Amino acid sequence: MQDEKAFISELLHPQTQQKAFEQLLRLYQKPLYHHIRNIVLNHDDADDVLQNTFIKVFNYLKDFKGDSKLFSWMYRIATNEAITFINQKAKRNGTTSEAMQSKLVENLQSDAYFDGNDIQLKLQKAIHLLPEKQQLVFKMKYFEELKYEEISEILGTSVGALKASYHHAVKKIEEYFNED
């Protein structure tokens, strides 16, 4: 992308804002959708969370301080929106977020947008058993192929802690697969 500060200026300037925001959507809509989908698992929910994410990005861009990359800032918003969405959905259904995620994993087989096989479904079940932080780190590293430095900016966690979380997650997933 062009110089990030110049691009942010275009996003904030009324005369260039619409065109710049369209470019932002083209650049980040797919990767953010996949990131959100990895968390909420459901296509329609991912679309809703993605829309909320871009609304927040648009509304709060003026507050972006530039301490991290724009990409990392938007991923942090998307991550928080996805987790909030699951927690709110669980609350509406009178259950815990863990129970809600279990239901979402079980519903994957009937999701028309899930094109995975039995192994991928089993992987999703194994991931669901991980603590939330390990789930996020594993999904961002394994599925999205983000670098530890990028994940560190998004989650606000040290690279060393992320490597440890990923290592523990992989070991737990391996144990889950070896149980059968």
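Comments concerning the overall build of the protein
Move 1: Check the secondary structure of the protein and you find nine helices and zero strands.
Move 2: When the helices and strands of the protein are placed in sequence order, the string is α-α-α-α-α-α-α-α-α.
Move 3: Relative to a compact globule of 180 residues, whose C-alpha radius of gyration would be 16 Å, the protein shows 17 Å and is just as compact.
Move 4: Counting every position in the protein, which comprises 180 residues, the buried fraction comes to 43%.
Move 5: When contacts within the protein are restricted to residue pairs at least 6 apart in sequence, long-range pairs at least 24 apart make up 57% of them.

Thoughts on the nonpolar core
Move 1: Core analysis: the largest hydrophobic core is formed by 51 residues, its most contacted members being Leu24, Val40 and Leu70.
Move 2: Counting residues per element, this core draws most heavily on helix α4 (residues 70–92), at twelve residues.
Move 3: In this view, Leu70 contacts Glu4, Phe7, Ile8, Leu11, Leu24, Leu61 and Phe64; residues no more than four positions away in its chain are not counted.

Thoughts on unusual backbone geometry
Move 1: Residue Leu41 is not a glycine yet carries a positive backbone phi of 70°.
Move 2: Accessibility expressed as a relative area gives 9% for Leu41, which makes it buried.

With respect to the pattern of salt bridges
Move 1: Overall, the coordinates contain three salt bridges when judged by the stated rule.
Move 2: The partner of Lys89 in a salt bridge is Asp45, with the nearest N and O atoms 2.6 Å apart. Note that Lys89 is positioned in helix α4 and Asp45 in helix α3 (residues 43–60), a separation of 44 residues in sequence.

A word on the packing of helix α7 (residues 132–143) against helix α9 (residues 159–178)
Move 1: Contact geometry of α7 with α9 gives a least axis separation of 9 Å together with a crossing angle of 90°. The pairing of α7 with α9 is recorded here as roughly perpendicular in orientation. Each of Lys133, Gln134, Val137, Phe138, Lys141 and Tyr142 in α7 lies in contact with α9, whose residues at this interface are Leu162, Ser165, Tyr166, His168, Ala169, Val170, Lys172 and Ile173.
Move 2: Of the residues assigned to the contact of α7 with α9, the class counts are eight nonpolar, three polar and three charged.

Quick notes on the rules
- Residues numbered from 1 in each chain as written.
- Predicted model: local features only at pLDDT ≥ 70, side-chain atom pairs only at ≥ 80, totals over all residues.
- Heavy atoms only, no water.
- Helix = DSSP H or I, 4+ residues; strand = E, 2+ residues; numbered from the N terminus.
- Rg over C-alpha atoms; globule rule 2.2 N^0.38 Å.
- Buried < 20%, exposed > 50% of the residue type's maximum accessible area, 1.4 Å probe, protein only.
- Contact = heavy atoms within 4.5 Å.
- Core = buried A, V, L, I, M, F, W, Y, C linked by side-chain atoms within 4.5 Å.
- Salt bridge = Lys/Arg side-chain N within 4 Å of Asp/Glu carboxyl O.
- Axes fitted to C-alpha atoms, helices over the stretch in contact; angles between N-to-C directions.
- Parallel < 35°, antiparallel > 145°, perpendicular 65-115°, else oblique.
- Nonpolar A, V, L, I, M, F, W, Y, C, P; charged D, E, K, R; others polar.

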